[in-house]
Amino acid sequence: MKIAIVLGTRPEIIKMASIIDEIRLREHELILIHTGQHYDHEMSDQFFEELELPSSNYNIGVGSGFHGTQTGKMMEGIEKVLIDEKPAILLVQGDTNAVLAGALVASKLHIPVGHVEAGLRSFDETMPEEINRKAADVCSKLYFVPTEKSAINLSLEGIARKKIFITGNTIVDACFRNLKIAKKRNLREFKELLNLNNILTLTMHRAENVDNKERLKNVIDAIAKLKEFNVVFPIHPRTKKTLMNFDLYDALDDLDHVYLIKPLGYLEFLLLLSKSSLILTDSGGLQEEAITLNIPALTLRYNTERPETVTAGGNILVGSDKEEIVETANLILNDKKFSNKMKSAKNPYGDGSSGEQILNIIENTYHNNMLAIKSPDTIMQSFTTEIKMIDEDITVSEFENKNNSLIKVAYDNDYMKFPFDDLNIKGMYILFDKLS
Ligand code: UD1
Ligand code: UDP
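In the nomenclature of an unreviewed UniProt entry, the chain is known as UDP-2,3-diacetamido-2,3-dideoxy-D-glucuronate 2-epimerase of Methanobrevibacter cuticularis.

Following this line, the structure appears as structure tokens:
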């Protein structure tokens, strides 16, 4: 099978790595399309090298720019490749502009799209990522969602449950696999940093934080007050530029307890995380890695599309509120009971086998002739959407077969449940489409 992948930024490379490994292991033909959105060595090539990924077959070289221009250029480049290569499926990951561009172009060429990390929602329409993931989810054919919550988000938006697969998040695959490798490597130059006490790892790059002087200054002021920590801050290029433009860089660099460094490779970064007492971040991937590695996280945002990390107890949203950041960070450092509780939060993102699960699903769908996009060959059926209380012992698929229906979601008292085939729905309300 010919499988194409579009990626373009640091987190996409990391989160696609286990899928790429699995594709190669199973000897499928891989077409790797790099959009060129991230182009610095530290933001792209070093991850290909460390994660031992093959070079991309195509690099569209879009570089930086306005969202429309960047997405438009990506679409043009991806379209040409897809017309030439005609893959059986295109995989996209997450919520960057590459995901929007890839999903739009492929779906119009009737190439099925598999969206890895689908179904996340922050419900914040000002985030470019929220637009990207929602638009991509309209265009996709297979949805690889990390948790039941993201599956329910899609169900409620009208996506048929048979297209949704809860596979965990490939970040766990990357984390487990590479932390083991990192621990065996002799990363000598890096040892000084790792020997520090009370490490607080800081990353930020979200437009709403770093392009807003007031918010950025609040976070920097909070950092200045967190003198009990050693703050290690590998700076994203976007953030470096805005810190300099707002004239905040030098003051931050002058602080004795702050270590401003260039973006790290994945192995070094995982080691740093594993030695940290606290992660302060606005990154999506770091919220997931924190709970995977049992490190307390404070998220510099007012909402998150990863609410599972918050409800599990491993992540607290602190926004860009100076006092809130300082108080909560010091509480984590000084109140062992509080920090141990955060560390013991259960990881909601699976066991590190997401890449393998995703490839199993793609192969199954392909071999059962369910992957291709075809126009419907039956005369359109009308349907009504109904709610019903179920008082018999019956599973989702038994109910659907018996009643010529498709269940969207089930309600178990106050909890919404994703309708897995074998879920027994006795005692639950169900929302379903009844075909006539
Ligand atoms: C992008 C993604 C974001 C993701 C992040 C991961 C979108 C809309 N945004 O944000 O979802 O979380 O990547 O890091 O797709 N720059 C460099 N060198 C590089 C790349 C960027 O200097 O290699 C600088 C440029 O000044 C550029 C700025 O960073 O204008 C922002 O880059 P861009 O790719 O537009 O957005 P990110 O903030 O990286
Ligand atoms: N990361 C890294 N080196 C760094 C900072 C981050 O390898 O110096 C990794 C981190 O472990 C995570 C990913 O980059 O897997 C997160 O990328 P980013 O925060 O840029 O994007 P987001 O996850 O917010 O989309």
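There's plenty left to go through after this.
In terms of helices and strands, the chain carries 19 helices and 17 strands. The C-alpha radius of gyration of the chain comes to 23 Å, within 12% of the 22 Å expected for a compact globule of 436 residues. Along the first, second and third principal axes, the C-alpha atoms of the chain reach 70 × 50 × 40 Å. Scored against the burial criterion, the 436 residues of the chain give a buried share of 55%. In the chain, 71% of the contacts between residues at least 6 apart in sequence involve partners at least 24 apart. Split by element, the accessible area of the chain, about 19900 Å² in all, is 50% carbon and sulfur. Of note, the chain has its 50 positive side-chain charges centred 1 Å away from the centre of its 63 negative side-chain charges.

Okay, the site of ligand 1 next. Close to ligand 1 lie 20 residues, the nearest being His38, Tyr39, Asp40, Glu129 and Arg238. The contact in question runs from an oxygen atom of ligand 1 to an N or O atom on the side chain of glutamine 37, over 2.9 Å. A distance of 2.9 Å separates a nitrogen atom of ligand 1 from a polar side-chain atom of aspartate 40. For ligand 1, the protein covers 89% of the area, taking 750 Å² as the surface of the free molecule. Listing elements by their share of the shell around ligand 1, those giving two or more residues are α3 (67-85) and α11 (237-245).

Turning our eyes to something else, we now look at the side chain of asparagine 132. For asparagine 132, the position within the fold is in helix α5 (residues 128-139). Taking the relative accessible area as the measure of exposure, asparagine 132 reaches 4% and is therefore buried. Every residue in contact with asparagine 132, bar those within four places of it in the chain, is listed here: Asp95, Thr96, Asn97 and Leu100.

Moving on: the site of ligand 2. Neighbouring ligand 2 are 17 residues, the closest being Arg206, Leu264, Ser283, Gly285 and Glu289. In this structure, histidine 205 approaches ligand 2 through a side-chain N or O atom, which is 2.9 Å from an oxygen atom. Take arginine 206: an N or O atom from its side chain is 2.7 Å from an oxygen atom of ligand 2. When ligand 2 sits alone it has 540 Å² of accessible area, and the protein chains cover 96% of it.

On the surface, a cluster of negative charge is contributed by Asp247, Asp250, Asp253, Asp254 and Asp256. Within the secondary structure, aspartate 250 is located in helix α12 (residues 249-253). The exposed category is assigned to aspartate 250, whose relative accessible area is 51%.

Next up on the list: the packing of helix α16 (residues 322-334) against helix α17 (residues 336-343). In a packed pair of helices, the relevant descriptors are the angle between the two axes and the axis-to-axis distance. Their axes nearest at 5 Å, the elements α16 and α17 cross at an angle of 95°. The angle between α16 and α17 falls in the class roughly perpendicular. Between α16 and α17, the contacting residues are Leu331, Ile332, Leu333 and Asn334 on the first element and Lys336, Phe338, Ser339 and Met342 on the second.

Quick look at the pairing of strand β11 (residues 276-281) now. Most of β11 is tucked away: five of the six residues are buried. Across five bridges, strand β8 (residues 199-203) lies against β11 in parallel orientation. Looking across to β11, one finds that leucine 200 is bridged to leucine 278. Two elements, β11 and strand β12 (residues 297-299), share three bridges in a ladder whose sense is parallel. By the bridge assignment for β12, threonine 281 is matched with threonine 299. Running through helix α14 (residues 284-292), the crossover from β11 to the neighbouring parallel element β12 is right-handed.

What follows concerns the sheet that holds strand β15 (residues 405-412). The strands making up a sheet are joined through hydrogen bonds of the backbone, oriented either antiparallel or parallel. Ordered by their spatial adjacency, four strands build an open sheet running β14-β17-β15-β16, and the pairing between neighbours is antiparallel. In this open sheet, the two strands that pair with only one neighbour each are β14 (383-389) and β16 (415-417). Strand-to-strand twist of the sheet, defined as the mean angle between neighbouring strand axes without regard to direction, takes the value 20°. When β14 meets strand β17 (residues 429-435), the two strands line up antiparallel, connected through seven bridges. Looking at β17, one finds that phenylalanine 383 is bridged to leucine 435. Set on the sheet, helix α19 (residues 396-403) makes contact with β14, β15 and β17; between it and β15 the angle comes to about 140°.

Cut-offs applied
Every chain begins its residue count from 1, and numbering advances along the sequence as written. All chains are assigned letters beginning with A, and all ligands numbers beginning with 1, in the order in which they are written. Local features are withheld for residues below a pLDDT of 70 in this predicted model, meaning they are given only at 70 or higher, and side-chain atom pairs are given and counted only at 80 or more; totals for whole chains, interfaces and linings count all residues. The basis for every side-chain value is the complete set of non-hydrogen atoms in the structure, without hydrogens or water. Here a strand is any run of E in DSSP of at least two residues, a helix any run of H or I of at least four, and the numbering for each starts at the N terminus. Here the radius of gyration uses the C-alpha set of atoms, whereas the globule reference equals 2.2 Å times the residue count to the power 0.38. Relative accessibility decides the category of a residue: with a 1.4 Å probe and only protein chains considered, values under 20% of the type maximum give buried, values over 50% give exposed, and everything between is partly exposed. In what follows, residue pairs with any heavy atoms lying within 4.5 Å of each other are defined as contacts. The accessible surface values rely on the Shrake-Rupley method and a 1.4 Å probe; as for residues, cover is taken only from the protein chains in view. His is not counted, nor are the chain ends, whereas Lys and Arg count as positive and Asp and Glu as negative. We put the charge of a Lys on NZ, of an Arg on CZ, of an Asp on CG and of a Glu on CD. One heavy atom suffices: a residue is near a molecule or strand as soon as one of its heavy atoms comes within 4 Å of it. We define a polar contact as two N or O atoms separated by no more than 3.5 Å, with the added condition that, inside protein, one atom must be a possible hydrogen donor and the other a possible acceptor, whereas residues neighbouring each other in sequence contribute only through side-chain atom pairs. Each patch is built from residues that are more than 30% exposed by relative accessible area and take part in no salt bridge. Like charges join if they lie within 9 Å; nonpolar side chains (Val, Leu, Ile, Met, Phe, Trp, Tyr) join within 5 Å. Counted as salt bridges are all cases of a side-chain nitrogen of Lys or Arg within 4 Å of a carboxyl oxygen of Asp or Glu. Each axis is a line fitted through C-alpha atoms, and for a helix only the stretch in contact is used; angles between axes span 0 to 180 degrees, taken between their N-to-C directions. For classification purposes, angles smaller than 35 degrees are called roughly parallel, those larger than 145 roughly antiparallel, those between 65 and 115 roughly perpendicular, and all remaining angles oblique. The pairing criterion is simple: DSSP has to find at least two bridges between the two strands. Handedness is read with the strands pointing away from the viewer; a crossover is right-handed when the path from the first strand over the helix to the second is clockwise.

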